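Per-entry structural report
Next come the chains, spelled out residue by residue.
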Amino acid sequence: MKITINDVAKLAGVSIKTVSRVMNNEPSVRKDTFDKVSAAMKQLQYQPNAAARNLASSRSYSIGYVYDNPNAYYVIDMQRGLLDACRKHGYELLIHPTNAKATDIVQEVLDLVERSRLAGLVLTPPFSEMPDIAQALDQAGVEYVRIISGSTPSPKLKNCVLIDDFTAAFKITNHLLELGHTAIAFLCGDEEHSSSGERLAGFQAALAKRGLTVPADFIVPGSYSFESGVKGANKLLSLNAKPSAIFACNDEIAAGALFSARLKSISIPQQLAIAGFENSPFSRQTWPPLTTAHQPNTTIAMQAAELLFKHTKPGQQANLAERQPVFIPELVVRESTSG
């Protein structure tokens, strides 16, 4: 039989209302009562339903994840990390895919929070990098945490988990330079994502440190997709002065570039080295496997949720502006650059 709140109240010798107050972490509950109810819940293995708690309380036990990202692996990793954190804290997760370029996107996000009675939001690019959304959420008093590309914590960047794409891209480029490559091209991701600009800047900085400049036609605009990688590599490999290495803004782009090179019977890495970014399954499923930068997306998502809960859970309020975890993706060398 399913254990109910009535069973917990009976075992603890308290009222149902008292059990509800304990579940909601109300500060007025005495410690001995809290401990007695908690022990009963543990003994009965009682798991309170978040939806029911939402209805029974003025406090919400659901958070939302709003995203617009073509990379399915990224989204899955983010969901996994958020769900793990939600289970730990007794929250539900609402997934909301949408179009970041929609004209009414700000109102859509606000309506989502109100309609679903969300305690807060976790925002990933491009939403986390849209000032209009952050401003609207601030004005509405909605708690949120943003996952954004950046290397330096700043008071201007509140509610953030930072990904140091610049440093990781610098390391990847330096790896290619140490292998003797000087003609290195760069395949860009979507320009509205700050990560694209940060990775390009890290790439250029590594070359500049060696006194090298990048030909204009070696930097190819694109998007975070396999098809963009194929198209970009086709363009690069049709140049008279071809690159000896390609650094792609993510693994999907790099896999597309690898596909293009293989169709042209170009040997990897003997004739062309290729590196990606993020260490997604794409990087391990290609042949040869891709050199990349490991970005722990599941851990990043868990950290973002934990940071959000610091502000939404009773008795755990924290100044989000002072807490800015920084993740630096780590270089992973595989056969696509040094086989």
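Here is a short report on the structure shown in this document. (Residues numbered from 1 in each chain as written. Predicted model: local features only at pLDDT ≥ 70, side-chain atom pairs only at ≥ 80, totals over all residues. Heavy atoms only, no water.)

**Description of the layout of surface pockets**
Of the pockets and cavities examined, the second largest pocket occupies roughly 170 Å³. Every residue lining the second largest pocket is counted, 16 residues in all, and those nearest its centre are Asp77, Asn279, His294, Gln295 and Asn297. Residue assignment for the lining of the second largest pocket shows that the elements contributing at least two residues are helix H5 (72-89), helix H12 (281-285) and helix H13 (297-312). In terms of residues, the lining of the second largest pocket owes the most to one element, H5, which gives four residues. Broken down by class, the residue content of the lining of the second largest pocket amounts to four nonpolar, eight polar and four charged. (1 Å grid on protein atoms, 1.4 Å probe; cavity = no way out; pocket = protein on both sides within 12 Å on 5 of 7 lines; lining within 4 Å. Points joined across faces, edges and corners; volume = space filled by probe spheres on them. Helix = DSSP H or I, 4+ residues; strand = E, 2+ residues; numbered from the N terminus. Nonpolar A, V, L, I, M, F, W, Y, C, P; charged D, E, K, R; others polar.)

**Here's the deal with helix H8 (residues 165-178)**
Spanning 14 residues, H8 covers 20 Å between terminal C-alpha atoms, matching the ideal 20 Å at 1.5 Å per step. Among the residues making up H8, those that are buried are Asp165, Ala168, Ala169, Ile172, Thr173, His175, Leu176 and Leu177. With its phi angle positive at about 100 degrees, Gly180 sits one or two positions after the end of H8. (Expected span 1.5 Å × (residues − 1). Buried < 20%, exposed > 50% of the residue type's maximum accessible area, 1.4 Å probe, protein only.)

**Here we look at the packing of aromatic side chains**
Counted under the stated rule, the structure contains eight aromatic pairs. Centre to centre, the rings of Phe226 and Phe259 are 5.7 Å apart; their planes meet at 55 degrees, and the pair counts as tilted. Highlighted residues: Phe226 in helix H10 (residues 226-236) and Phe259 in helix H11 (residues 251-263), separated in sequence by 33 residues. Overall, the relative accessible area of 25% leaves Phe226 in the partly exposed class. Aromatic ring contacts, followed pair by pair, group Tyr61, Tyr91 and Phe309 into a single cluster. The side chain of Arg199 reaches across the aromatic face of Phe277, ending 3.8 Å from its centre. (Phe/Tyr/Trp six-rings, centres within 6.5 Å; stacked < 30°, edge-to-face > 60°. Lys NZ or Arg CZ within 6 Å of the ring centre and 35° of its normal.)

**Things to note about unusual backbone geometry**
One can expect most non-glycine residues to show negative phi and most peptide bonds to be in trans. Note the cis peptide between Pro125 and Pro126, where omega equals 5 degrees. Non-glycine residue Arg117 carries a positive phi angle of around 50 degrees. In this fold, Arg117 is placed in the loop between helix H6 (105-116) and strand E3 (120-123). Within the chain, Asn279 stands out as a residue other than glycine whose phi angle is a positive 60 degrees. With respect to the helices and strands, the residue Asn279 is situated in the loop between strand E9 (273-275) and H12.

**Section: H6**
In a regular helix each residue adds 1.5 Å, so 12 residues correspond to 16 Å; H6 covers 16 Å between its end C-alpha atoms and thus fits that length. Along H6, the positions that sit buried rather than exposed are Ile105, Val109, Leu112 and Val113. Projected down its long axis, H6 carries its buried residues within an arc of 95 degrees, all on one side. In H6, the exposed positions angled more than 90 degrees off the buried face are occupied by Glu114 and Arg115. Residues of H6 that are buried in the fold lie against strand E1 (62-67), strand E2 (92-97), E3 and helix H7 (131-140). Of the residues flanking the end of H6, it is Arg117, one or two places downstream, whose phi is positive at about 50 degrees. (Arc of directions from axis to C-beta. Contact = heavy atoms within 4.5 Å.)

Coordinates in, geometry out; function isn't part of it.
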